[in-house]
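Residue-level listing of the chains:
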Amino acid sequence: MKRKVCTFFAFSSVVSIFGALPDVQKCNLTDAVCLKTSAQLMVPQLTDGLPDLGSKVLDPLYVEAIKVDLAGLKLALTDAEITGMKDTIIDKLSVDLAKKQIQVICHVSVYLKGKYKASGKLLILPITGDGDTTIKLKNLRIQMIYPFNLVKNSEGKDVIDLSSYRYSYDVKDNAHFHMTNLFNGNKQLGDVMLTFMNQNWKALTQEFGKPLLEIPMEMVYNTVKTYLKSQPLEDIANL
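Attention in this report is confined to the structure presented alongside it. Since we're looking at a predicted model, the values are computed, not measured.

Analysis parameters
Residues numbered from 1 in each chain as written. Predicted model: local features only at pLDDT ≥ 70, side-chain atom pairs only at ≥ 80, totals over all residues. Heavy atoms only, no water. Salt bridge = Lys/Arg side-chain N within 4 Å of Asp/Glu carboxyl O. Helix = DSSP H or I, 4+ residues; strand = E, 2+ residues; numbered from the N terminus. Buried < 20%, exposed > 50% of the residue type's maximum accessible area, 1.4 Å probe, protein only. Phe/Tyr/Trp six-rings, centres within 6.5 Å; stacked < 30°, edge-to-face > 60°. Lys NZ or Arg CZ within 6 Å of the ring centre and 35° of its normal. Disulfide = S-S within 2.5 Å. Expected span 1.5 Å × (residues − 1). Contact = heavy atoms within 4.5 Å. Polar contact = N/O pair within 3.5 Å; in protein donor to acceptor, adjacent residues only side chain to side chain.

### Let's talk about the pattern of salt bridges
Next up, step 1: Following the criterion strictly, the structure yields 12 salt bridges and no others.
Next up, step 2: Of the charged contacts, one joins D161 and K225 as a salt bridge, the two residues approaching to 2.6 Å between their closest N and O atoms. Here the residue D161 occupies a position in strand β6 (residues 158-162), and K225 occupies one in helix α4 (residues 201-229), the gap between them amounting to 64 residues.
Next up, step 3: Owing to a relative accessible area of 24%, K225 belongs among the partly exposed residues under this scheme.
Next up, step 4: It is possible to trace a salt-bridge network through shared partners that takes in D161, K225 and K229.

See below:
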């Protein structure tokens, strides 16, 4: 559902913190206003991908398969495409050298389409189906935390090496779900389920958003890690 979610904002915002791309003014790592402004300006370019570093395009973001097995629901999404990340708004960026962590807070509205296969129970109702799905998330807010270490590269220069990641999320305004061929094409049962899902969007995003986000967020993390480790810190930030 999400992430990228956001899977994107983490990459675009964190990379932008250090402003290594051409024509981007470097920021002091304590200058929150500069960091936020620099990141926002770079979002469209970064979501297009950085082919020289092997980073994937983040809008549209393609995810081959996502599986959910939680609270009685078995859901498989395949051939998923997530769009909207170019319109990400950076709310806050911070780099804490003492704690050695980067924090990114942003929000975005995203659209996912793909194939689904579902069985089991969705909250209180049984569900079964195999068809096409679309998911729209309006005002998805994500907070990313990236712990890091400063290590030496082959030239003896300091680089940032991300060691892990964690995130939290909240869909603030609305979510809309659509699925074809629910209950083997039974329109009456399908309409009841879709109405239930769209009336209970908040509970659904809270309950099932995390497993849907895991793969996109891991893709973002790996891209950010690769980028930052390739750039000497002195070249991408005012120290």
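### Let's talk about the packing of aromatic side chains
Next up, step 1: Using the criterion set out here, one finds three aromatic pairs in the structure.
Next up, step 2: Look at Y146 and Y221: their rings are 6.2 Å apart centre to centre, the planes differ by 10°, and that puts the pair in the stacked class. Note that Y146 is positioned in strand β5 (residues 125-152) and Y221 in helix α4, a separation of 75 residues in sequence.
Next up, step 3: Judged by relative accessible area, which is 0%, Y146 ranks as buried.
Next up, step 4: Ring geometry for Y165 versus Y167: centroids 6.5 Å apart, planes at 10°, classification stacked.
Next up, step 5: Here the aromatic residues Y146, Y165, Y167 and Y221 are joined through ring pairs into a cluster of three or more.
Next up, step 6: The ring of Y167 carries K210 above its face, with NZ or CZ at 3.8 Å from the centroid.

### Quick word on the state of the cysteines
Next up, step 1: Scanning the model with the defined rule gives one disulfide in all.
Next up, step 2: Between the sulfur of C27 and that of C34 lies a disulfide, 2.1 Å long from S to S. The chirality of the disulfide connecting C27 with C34 is left-handed, given an S-S dihedral of about -75°. Each member of the pair, C27 together with C34, is buried.

### Examining helix α3 (residues 187-199)
Side chains three or four residues apart in an α-helix point the same way, a direct result of the helix having 3.6 residues per turn.
Next up, step 1: With 13 residues, α3 extends 18 Å between its outermost C-alpha atoms, agreeing within 8% with the 18 Å of an ideal straight helix rising 1.5 Å per residue.
Next up, step 2: Next to the buried residues of α3 lie β4 (101-122), β5, β7 (166-179) and α4.
Next up, step 3: Two or three places before Q188, at the start of α3, stands the capping residue N186, its side-chain oxygen 3.2 Å from that residue's backbone nitrogen.

### A word on the side chain of T88
Next up, step 1: Structurally, T88 can be placed in the loop between β2 (73-83) and β3 (89-96).
Next up, step 2: Since its relative accessible area comes to 1%, T88 is described here as buried.
Next up, step 3: Of note is the side chain of T88, whose polar atom sits 2.6 Å from the backbone oxygen of M85.

Shape descriptors only; they carry no functional weight alone.
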